[in-house]
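As a plain string of letters, each chain reads:
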Amino acid sequence: MDSVRSDRNGGSSRIPVALKILIAGGFGAGKTTMVGSVSEIRPLQTEEILTGAEGADDVSGVETKTTTTVTMDFGRITITEDLQLYLFGTPGQDRFWFLWDELSQGALGAVVLADTRRLADCFPSIDYFEQRGTPFVVAVNCFDTQLQHAPEAVARALDLDPGVPVVLFDARDQVAARNVLIELVEYVARRQMAAAATR
């Protein structure tokens, strides 16, 4: 449903529908990178230097990572003149999970970023959204030196429910990241239409 308001010149302008999307996944999967690459505004980032405390930050597979998100990342993208997405990147480490319930309130759905070098790291995100009935897509972040796996193979490895989309993309690429978000919105719409048809 479109909202219309009058502007100062007596014409009307549309107020776009704003939808909240979570960008989740394991530590170092590319959440901050994705929000930063696709946001049309300067993203809000809460990055801090990784701690040197023994066992606090497991950087195996992401040895060059020096910072971590401690609260959230925030960005915005306009899909059409009637639709804007507000993006909330979640912290990826266990010690910040207490923030997830607040961040997920009112979310339309989520993108779970997967890094096949550390695939098990996205299981907690998948479990979180499955338990709450939140629609999600899995986006496999394809790094330069990373062996690529077919989406079907990733879906099997993650034991996803049939129909959950798995897409390959590069979180640094604005168009690819935007296409992942569109995939999520279309998936949510398909789920809602299927649910309405069974009523």
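Under an unreviewed UniProt entry, the name given to the protein chain is Signal recognition particle receptor subunit beta, and the organism recorded is Actinoplanes xinjiangensis. On record in UniProt, under Sequence similarities (unreviewed entry), the comment for the protein chain is "Belongs to the GPN-loop GTPase family."

**Q** Quick question: what am I supposed to make of the pairing of strand β6 (residues 83–89) here?
**A** Looking along a regular strand, one sees the side chains alternate between the two faces of the sheet. With six of seven residues buried, β6 is to be regarded as a mostly interior element. Relative to β6, strand β3 (residues 17–25) runs parallel, the two sharing seven bridges. Across the sheet, Leu22 pairs through a bridge with Phe88, a residue of β6.

**Q** What am I meant to see in the side chain of Lys31 here?
**A** Summarising the element assignment, Lys31 is placed in helix α1 (residues 31–38). For the buried Lys31, no salt bridge exists, and the shortest N-O distance to an oppositely charged side chain is 7.1 Å, to Asp73. One polar contact links the side chain of Lys31 to the main-chain carbonyl oxygen of Gly25, over a distance of 3.3 Å.

**Q** Mind showing me how you'd approach unusual backbone geometry here?
**A** Glycine aside, residues mostly have negative phi, and peptide bonds are mostly found in the trans state. Of note in the backbone geometry, Asp159 takes a positive phi value of approximately 55° without being a glycine. On the secondary structure map, Asp159 appears in the loop between α4 (151–158) and β9 (166–169). Overall, the relative accessible area of 64% leaves Asp159 in the exposed class.

**Q** Even after reading the chapter, I still don't get the packing of aromatic side chains, so can you show me in this structure?
**A** Where two aromatic rings form a pair, the distance of their centres and the angle of their planes describe that pair. Tallying each qualifying case throughout the model produces six aromatic pairs. A ring pair is formed by Phe129 and Phe136, whose centres lie 6.3 Å apart and whose planes are at 35°; its orientation type is tilted. On the basis of relative accessibility, which here comes to 4%, the residue Phe136 falls in the buried class. The structure contains a cluster of three or more aromatic residues connected by ring pairs, namely Trp100, Tyr128, Phe129 and Phe136. For Lys20, the ring lying beneath its charged end belongs to Phe88, and the centroid distance is 4.8 Å. Over the face of the ring belonging to Tyr128 we find Arg132, whose NZ or CZ atom lies 3.6 Å from the ring centre.

**Q** Explain the pattern of salt bridges here, please?
**A** Any two side chains of opposite charge can pair, given that their charged atoms come close. Throughout the structure, instances matching the rule amount to six salt bridges. Note that Arg76 and Glu40 form a salt bridge whose closest N and O atoms lie 3.1 Å from each other. With Arg76 in strand β5 (residues 67–80) and Glu40 in the loop between α1 and β4 (44–49), this residue pair connects regions lying 36 residues apart in the sequence. Taking relative accessible area as the criterion, Arg76 reaches 25% and is therefore assigned partly exposed.

**Q** I would appreciate a short explanation of the packing of α1 against helix α5 (residues 174–197) in the present structure.
**A** Pairs of packed helices are described in terms of their axes, by the angle between the two and the distance that separates them. Axis separation between α1 and α5 bottoms out at 8 Å; the angle between their running directions is 100°. The orientation of α1 with respect to α5, classified from their angle, is roughly perpendicular. Residues Met34, Ser37 and Val38 of α1 lie in contact with α5, whose contacting residues are Gln174, Ala177, Arg178, Val180 and Leu181. For the contact of α1 with α5, the per-class residue count stands at five nonpolar, two polar and one charged.

What counts as what
Residues numbered from 1 in each chain as written. Predicted model: local features only at pLDDT ≥ 70, side-chain atom pairs only at ≥ 80, totals over all residues. Heavy atoms only, no water. UniProt positions renumbered as here; feature names shortened; annotations may be inferred. Buried < 20%, exposed > 50% of the residue type's maximum accessible area, 1.4 Å probe, protein only. Helix = DSSP H or I, 4+ residues; strand = E, 2+ residues; numbered from the N terminus. Pairing = 2+ DSSP bridges. Lys, Arg positive; Asp, Glu negative; His and termini not counted. Salt bridge = Lys/Arg side-chain N within 4 Å of Asp/Glu carboxyl O. Polar contact = N/O pair within 3.5 Å; in protein donor to acceptor, adjacent residues only side chain to side chain. Phe/Tyr/Trp six-rings, centres within 6.5 Å; stacked < 30°, edge-to-face > 60°. Lys NZ or Arg CZ within 6 Å of the ring centre and 35° of its normal. Axes fitted to C-alpha atoms, helices over the stretch in contact; angles between N-to-C directions. Parallel < 35°, antiparallel > 145°, perpendicular 65-115°, else oblique. Contact = heavy atoms within 4.5 Å. Nonpolar A, V, L, I, M, F, W, Y, C, P; charged D, E, K, R; others polar.

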